[in-house]
Amino acid sequence: MAEAATLTPTEEIAELREKWKEHRKANGDYELKTAANKLSRLPVNMKVRRTLKSHQSKVLCSDWCADKRRLVTSAQDGQVIVWDAFSSSKEVEISSPSTWVVACAFGPSQNIIACGGLDNKCTVYQNISHQSVRKHPVAMHTKFVSACCFVGSDQELLTASGDTKCCLWDVESGELLQTFEGHTAEVLSVVLCPSSISHVFASAGCDCTVRTWDLRTGKCCQIFNGHEADINCVRFHPSGDAVGTASDDGTCRLFDLRADRQLALYTKPSVLFPANTVDFSMSGRLIFSGYSDSIIRVWDTLKCEHISVLLGHEGSVSCIRMSPDGTALSSCSWDGLVRIWA
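Throughout what follows, the structure given in this document is the object of discussion. In this text the structure is predicted, and so the values were computed from the model without any measurement. (Residues numbered from 1 in each chain as written. Predicted model: local features only at pLDDT ≥ 70, side-chain atom pairs only at ≥ 80, totals over all residues. Heavy atoms only, no water.)

Here we look at the environment of Trp20
Piece 1. Relative to the elements of secondary structure, Trp20 occurs in helix α1 (residues 9-27).
Piece 2. Taking relative accessible area as the criterion, Trp20 reaches 42% and is therefore assigned partly exposed.
Piece 3. Remark: the alpha-carbon pair of Trp20 and Leu39, spanning 19 residues in sequence, is separated by 32 Å. (Helix = DSSP H or I, 4+ residues; strand = E, 2+ residues; numbered from the N terminus. Buried < 20%, exposed > 50% of the residue type's maximum accessible area, 1.4 Å probe, protein only.)

A few points about the pairing of strand β28 (residues 337-341)
Along any regular strand, the residues point their side chains to alternate faces of the sheet.
Piece 1. With five of its five residues buried, β28 lies for the most part within the structure.
Piece 2. Of the two faces of β28, both are covered, the one formed by Leu337, Arg339 and Trp341 as well as the one formed by Val338 and Ile340.
Piece 3. Relative to β28, strand β1 (residues 48-53) runs antiparallel, the two sharing five bridges. Bridging from a neighbouring strand, Lys53 pairs with Leu337 of β28.
Piece 4. Hairpin connection from strand β27 (residues 329-333) to β28: three residues lie between these consecutive antiparallel strands, with Gly336 at a positive phi of about 85 degrees. (Pairing = 2+ DSSP bridges.)

Some details on the pattern of salt bridges
Piece 1. In total, this model carries 14 salt bridges according to the counting rule given.
Piece 2. Of the charged contacts, one joins Asp241 and Arg258 as a salt bridge, the two residues approaching to 3.5 Å between their closest N and O atoms. Note that Asp241 is positioned in the loop between β18 (231-236) and β19 (242-247) and Arg258 in the loop between β20 (252-256) and β21 (261-266), a separation of 17 residues in sequence.
Piece 3. Look at Arg258 and you get exposed, because its relative accessible area is 63%.
Piece 4. Put simply, Arg285 and Asp300 hold a salt bridge, and the shortest N to O gap is 2.8 Å. Of this pair, Arg285 sits in the loop between β22 (275-280) and β23 (286-291) while Asp300 sits in strand β24 (residues 296-300), and the two are 15 residues apart along the sequence. An identical accessibility class is assigned to Arg285 and Asp300; each is buried.
Piece 5. Through salt bridges with shared partners, one network takes in Asp67, Arg70 and Glu91. (Salt bridge = Lys/Arg side-chain N within 4 Å of Asp/Glu carboxyl O.)

Pasting the structure below:
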C-alpha cells in the first residue's frame, strides 16, 4: 500500500488556509446588506451652512477641535488656519515654511495643533489661543508626512509618511517612541480607534492594504485586502469595531475587525472617479465619501445603497470630517474652499 504524500510545512499552511476560507464562507450565511434589507431608508437633507474662504490654493486637510466649534485646515499655499466654524471667521493663521501642508490635527487640550507635509517634518504649534504662538518641530521622516494625530493627550503624536512607516513621537522632546513597519509603499492615512480603552490605530496607503496596529507593542494586528488601487483614507466606525476606506479604485469599503474581513462595498457603475476621503455619521449609519469629480456621496452603511449627493464644490474633494457631536460635516476641496454642511 502506497504511503500518503508528505506535505511540506508551506504546503500544509496553504492547505489549512484554504480550509479556513471555505469554513468561513460556509458560515457567512448573510451579507450585511441582506441582513439590513428590512431597515427603512434614511432621508438626507444636508445643505451648505457656512463657506470658509481664505486659502489661495488647494485645501488638503482639516480636523475638528474637541470644542465642536473650531476647525483647523491646511493647504497647498502653506497656510494653516484655525477657524470659528460658527461665525466663519479666522482665529489663527500660520504660514508654514513649506508648501503642500497635507496633514493637520488639533490636540486634545484645544490649544495645540500639528501639521506636516512635503518638508518631511511634522511641526507642533502651541498656545494658539494666545498672541504668542510657539513653534516646536517634533517629527522628521525621510519622505513626506501624509497624516498626523495626537494620541490620548498633547504629549504624544502619531505620524504617517511616504517612507512606508508610521511613527509615535514624544512631543516635548521630539524623541521617537515607536516605529510601525509593515507597509510596502507610501502610507497615506492613519486614524486612532475611538474607544477610550483601545490601544489600536489603523493605517492605509499605496500598497492597497489596511493595517491595524497595537500602539504598545508596535506590532501589526490585522491586514485587510480588497482594494485594487491606492487607499487614500481610512476612518474608524464610531463603534470602534470596523473601519471605512476610500480608494483610487473608485470604491469605499467597510472592514470589520471582529470578523476579520470585508463586510461591505460602496460603489455604483456611474462612479468613475477616485474616492479621496471618507467619514461616518455620529451613529455610523451613514458613510460620506468625497471624490475627484467634486461630489460628496452619501451611502447607507448597512444597506450599502447610495442615498444622496452633496453638491457645492468645484474641485476635487480632498478631506471630509464629521464634527465631534455629529451636527456638522466639513469638506475641503481643491477649489480653495472649506464648506460646512448640516
